[in-house]
Amino acid sequence: MRPLVIILFSSHRIRWSHECFTNLFLKILQILPEEVEAELKEAAVISMGSDVSDVDLMNIKELCDQVLSLSEYRAQLYDYLKNRMNTIAPNLTALVGELVGARLIAHGGSLLNLAKQPGSTVQILGAEKALFRALKTKHATPKYGLLYHASLVGQAPPKMKGKMSRSLAAKAALTIRYDALGDGQDDSMGLENRLKVCYRSLPIGIMATSSFLLQLLFWEDNFDTVICSLKHD
């Protein structure tokens, strides 16, 4: 019986000999039901597996190294994007996240160009084709574009996604203008607006849910300031 299994652990490999694999296969057969054992034996007989040569193992190892390097490069890019977004647009980052904020800035051309857009444009930014198609065919216009990938819109119920996207776009337009033209370098405005959007999305009479409390605890440094602003809003 030819070996059918190769186990690879990141940068090093474990090679299975024919005898070692056969012993393991026999031990597995002892704990399997008879029906599964028969199917496994039949599959092993007609299998197209073959002995793995050193060249094949070398190529597999190189492929694994490439996957690991790409994963590390992706993590480095995310850290770079996170640092840059926290420096350029900290309030927008606190409101919609690093990836969505970077996509909005890239789609608008620059942070200053994006600051010139109203909230209604920010809401459907990224869905221009769907908008013009809807206007041409006289159908309903899209309710969100790139903001659909924001966590606040994604976690909202289906019936509330349009309302959440509209509220989030209005707050995003304010935070974008503050980041582009304001003098502050902190993200307090973005955190405050995010909490306001969460607060207004709650049902009437319900001031706290589990997710709302978790977000308050997560931003405990701004707890007093945010709660006072919510009370006087």
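Residues numbered from 1 in each chain as written. Predicted model: local features only at pLDDT ≥ 70, side-chain atom pairs only at ≥ 80, totals over all residues. Heavy atoms only, no water.

Undergrad: Would you explain the packing of aromatic side chains in this entry?
TA: The geometry of an aromatic ring pair is captured by two quantities: the separation of the ring centres and the angle between the planes. Counted according to the given criterion, the structure contains one aromatic pair. Measuring from centroid to centroid gives 5.0 Å for Y144 and Y148, while their planes differ by 35°, and the two rings are tilted. A relative accessible area of 27% places Y144 in the partly exposed class. Judged by its relative accessible area of 37%, Y148 falls in the partly exposed class. (Phe/Tyr/Trp six-rings, centres within 6.5 Å; stacked < 30°, edge-to-face > 60°. Buried < 20%, exposed > 50% of the residue type's maximum accessible area, 1.4 Å probe, protein only.)

Undergrad: Looking at this structure, I do not really get a negative patch on the surface. What am I missing?
TA: Where like charges cluster on the molecular surface, the negative patch consists of E34, E35, E39 and E42. When you line up the elements, E39 lands in helix α2 (residues 34-45). (Patch = residues over 30% accessible without salt bridge, like charges linked within 9 Å, V, L, I, M, F, W, Y side chains within 5 Å. Areas by Shrake-Rupley, 256 points an atom, 1.4 Å probe, with all protein chains shown as cover. Salt bridge = Lys/Arg side-chain N within 4 Å of Asp/Glu carboxyl O. Lys, Arg positive; Asp, Glu negative; His and termini not counted. Charge placed at Lys NZ, Arg CZ, Asp CG, Glu CD. Helix = DSSP H or I, 4+ residues; strand = E, 2+ residues; numbered from the N terminus.)

Undergrad: When you look at the nonpolar core in this model, what are you seeing that I'm missing?
TA: Counting 27 residues, the largest nonpolar core has L92, V96, L104, I105, L147 and L168 as the members making the most contacts within it. Secondary-structure elements contributing two or more residues to this core are α4 (90-96), α5 (98-108), α6 (111-115), α9 (151-154), α10 (161-181) and α11 (188-201). Of the residues forming this core, the biggest block, five residues, is contributed by α10. Not counting the four nearest positions on each side in its chain, L92 is found in contact with G97, G101, L104, I105, A172, T175, I176 and D179. (Core = buried A, V, L, I, M, F, W, Y, C linked by side-chain atoms within 4.5 Å. Contact = heavy atoms within 4.5 Å.)

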